There are 2 protein chains.
Amino acid sequence: MRPRIEVDRSSPIPLYFQVAEQIAEAIRTGELAPGDQLDSEVQIAESLGLSRPTVRQAIGHLVDRGMIVRRRGVGTQILPMPVRREMELTSLHDDLARSGRAPATDVLLLARVPAEPEAAAALGLAAGTPVTKVVRLRRSQGEPLAVMRNWLPEPVPPLTEEVLETRGLYEVLRKAGIRICVARQRIGACTADAEQAALLEERRGAALLTMERTAFDDSGRAVEFGSHIYRASRYSLEVTVTEH
Amino acid sequence: MRPRIEVDRSSPIPLYFQVAEQIAEAIRTGELAPGDQLDSEVQIAESLGLSRPTVRQAIGHLVDRGMIVRRRGVGTQILPMPVRREMELTSLHDDLARSGRAPATDVLLLARVPAEPEAAAALGLAAGTPVTKVVRLRRSQGEPLAVMRNWLPEPVPPLTEEVLETRGLYEVLRKAGIRICVARQRIGACTADAEQAALLEERRGAALLTMERTAFDDSGRAVEFGSHIYRASRYSLEVTVTEH
DNA sequence: TAGTGGTCTAGACCACAGC
DNA sequence: CTGTGGTCTAGACCACTAG
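This is a predicted model, so every value here is computed, not measured. (Residues numbered from 1 in each chain as written. Chains lettered and ligands numbered in written order. Predicted model: local features only at pLDDT ≥ 70, side-chain atom pairs only at ≥ 80, totals over all residues. Heavy atoms only, no water.)

Q: Before we move on, can you summarise the protein's contact with DNA strand C with the specific residues and values?
A: Around DNA strand C, the surrounding shell holds 24 residues, and the nearest of these are Arg 52 and Arg 56 of chain A together with Arg 9, Leu 15 and Thr 54 of chain B. The sugar and phosphate moieties of DNA strand C supply 71% of its atoms located within 4 Å of the protein. Side-chain polar atom of Arg 9 of chain B to a phosphate oxygen of DNA strand C: 2.6 Å apart, as the coordinates give it. Taking Ser 51 of chain B, its side chain carries an N or O atom lying 2.9 Å from a phosphate oxygen of DNA strand C. With three residues, helix 3 (residues 52–64) of chain B is the single largest residue contributor to the surface near DNA strand C. Grouping the constituent residues of the surface near DNA strand C by class yields seven nonpolar, eight polar and nine charged. (Near = heavy atom within 4 Å. Polar contact = N/O pair within 3.5 Å; in protein donor to acceptor, adjacent residues only side chain to side chain. Helix = DSSP H or I, 4+ residues; strand = E, 2+ residues; numbered from the N terminus. Nonpolar A, V, L, I, M, F, W, Y, C, P; charged D, E, K, R; others polar.)

Q: Can you explain helix 2 (residues 41–48) of chain A? Please cite residues and give values.
A: All names here are of chain A. Those residues of helix 2 that sit buried are Glu 41, Ile 44, Ala 45 and Leu 48. The arc that holds the buried residues of helix 2, viewed along the axis, is 100°, so those residues lie on one side. Buried residues along helix 2 sit against helix 1 (15–29), strand 1 (37–38), helix 3 (52–64) and strand 2 (68–71). Looking one or two places after helix 2, you find Gly 49, whose phi comes out positive at around 70°. (Buried < 20%, exposed > 50% of the residue type's maximum accessible area, 1.4 Å probe, protein only. Arc of directions from axis to C-beta. Contact = heavy atoms within 4.5 Å.)

Q: Hey, could you go over the sheet that holds strand 3 (residues 75–78) of chain A for me, with residue numbers and the actual values?
A: Residue and element names in this part refer to chain A. One open sheet holds the three strands; their spatial order is 1-3-2, and the pairing between them is antiparallel. Of all strands in the sheet, those with a lone pairing partner are strand 1 and strand 2, marking the two edges. Where strand 1 and strand 3 come together, two bridges link them in antiparallel fashion. By the bridge assignment, Leu 38 is partnered in strand 3 with Thr 76. In the packing of helix 3 onto the sheet, the strands contacted are strand 1, strand 2 and strand 3, and the crossing angle to strand 2 comes to about 120°. (Pairing = 2+ DSSP bridges. Axes fitted to C-alpha atoms, helices over the stretch in contact; angles between N-to-C directions.)

Q: Tell me about the domain arrangement of chain A, residues and numbers included.
A: When cut into domains, chain A gives domain 1 (15–78) and domain 2 (92–231). The gap between the C-alpha centroids of domain 1 of chain A and domain 2 of chain A is 37 Å. (Domains from an automatic or database assignment.)

Structural data, given as structure tokens:
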């Protein structure tokens, strides 16, 4: 089984990426259903006029995303429940916007401050080094969802409350030429104290999901540290884990 | 900069894997420090007598793990904080054992039961289908750490309380020939009810981290559903996320 | 036995970064 | 300009699975 795929050799988009995206799209639309067997790599390569390594690279990307599995001697098969993976390198803002859940943001703080020890350590700076600190309350459909605290080392892109109220932080950083390529996250849980409860319109003692994240650009520099709390009653994280 | 690497062409271990492991080991031991520039792919390939694609495949694995970054026109660089990633496709038991934290397990239930609707849905079965249910209390260094509930569809490998008290579930499944290759997880938080609090030696209302996981083998069959709670005061999850 | 994916080679051209 | 990683080719041999 093979979805209809067309490759454009004049496009600047890599061929393997064009193939991967079109197979992924076929899975999303249901043209390829869970359990379906994909044509062999050789067959796909011949039918598209590509080499086998190129096709293999395309399929490899889908395997990494947990959308399909390969078995030697058997073939390549579509996995059930190919839900979109969350916990990609995107912001909560982008996630909400993509799923049509009207994100809104209140900027509670935007200031240049001496880095707290925890933030400084995460960013690889000495405590007290000047950094830009941002605290935001993220709402979705009117409901408070998360309190997000971020620390940005200098040089920092131009940030205004206005921009932060309409754009996700990652989008702003990306447009400022900061290319985040890897992030390390620690996920835990806690209960709401009085201040957190008030902000999030929860009761004291309500369950909160916590996430700390340090993000690096492609030069290995830490470009952002975030410490966020989410209302567990309204939010959870999804992860797809693959072996090999 | 290049760590000392030796490849054994007579070994059944793939060459790219040998190279990747030895570079990773050099990073772990500090022979390669954060910020160090790796030799170019061509240089490494020549010095090892391998082709460039093979070396590239090795480095690609490390990039996927968030240990290094590649920049076109610049080179390949070691990232800071090369902590081992958690949230791999391993069991909590294995994680604890690897870090020397003496896991112990109490089997609270091991029985064949009709699947609850939630578990049946996750496994793709009709509610009430007979499944094997396991409930375990996992301890580390004497302290309760997690309550783990698992549902296994038939055919189920032979399970005994004795085996489950000394081995992780994933290890048992692996030895029974069940090769888990992809899992989808949902992570959230809740507060402890009276029963959970008693088991985990926490107060009622204490923060708990929740994880639900459905695991698939390489034929796309759901082979396990787990619903686990962890003491947030003793446990958190780590994830490394990479772009591209 | 035939067909699959897993690995590997020895090249090639390109875009990009830094000098 | 040189050197880097990013992409791509056209083969090859192998281990494994299924019929």
